[in-house]
Amino acid sequence: MATPNYGFEKRQRELAKKRKKEDKLRAKADRKVDHPEGEDEPMPDEANPAAPGAAEGGRVVVVSRASA
């Protein structure tokens, strides 16, 4: 029986982590390109009056995070 190659397994885990992080950053950048800040877009209730909570007078709270 062959012995496990722990170095190879560790390297594969590191590469998978790195790939996942890059994919996440790429997706985040794509979202930012699709919806740049400061752009006036209608609120979900205005765009779709049949949205849940719209007829009931529900509040929509939008929280934005300032980037440093």
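Please refer to the structure placed before this passage.
Residues numbered from 1 in each chain as written. Predicted model: local features only at pLDDT ≥ 70, side-chain atom pairs only at ≥ 80, totals over all residues. Heavy atoms only, no water.

Undergrad: Explanation requested: the overall build of the protein chain in the structure shown.
TA: Per the secondary structure count, the protein chain includes two helices and zero strands. Residues counted as buried form 3% of the 68 residues belonging to the protein chain. Total accessible area on the protein chain is roughly 7000 Å²; 54% of this is exposed by carbon and sulfur atoms. (Helix = DSSP H or I, 4+ residues; strand = E, 2+ residues; numbered from the N terminus. Buried < 20%, exposed > 50% of the residue type's maximum accessible area, 1.4 Å probe, protein only. Areas by Shrake-Rupley, 256 points an atom, 1.4 Å probe, with all protein chains shown as cover.)

Undergrad: What's the story with a positive patch on the surface in this structure? I'm lost.
TA: Taken together, the side chains of Lys28, Arg31, Lys32 and Arg65 make up a positively charged region of the molecular surface. Looking at lysine 28, the relative accessible area reads 52%, which means it is exposed. (Patch = residues over 30% accessible without salt bridge, like charges linked within 9 Å, V, L, I, M, F, W, Y side chains within 5 Å. Salt bridge = Lys/Arg side-chain N within 4 Å of Asp/Glu carboxyl O. Lys, Arg positive; Asp, Glu negative; His and termini not counted. Charge placed at Lys NZ, Arg CZ, Asp CG, Glu CD.)

No statement about biological role is implied by the geometric values presented.
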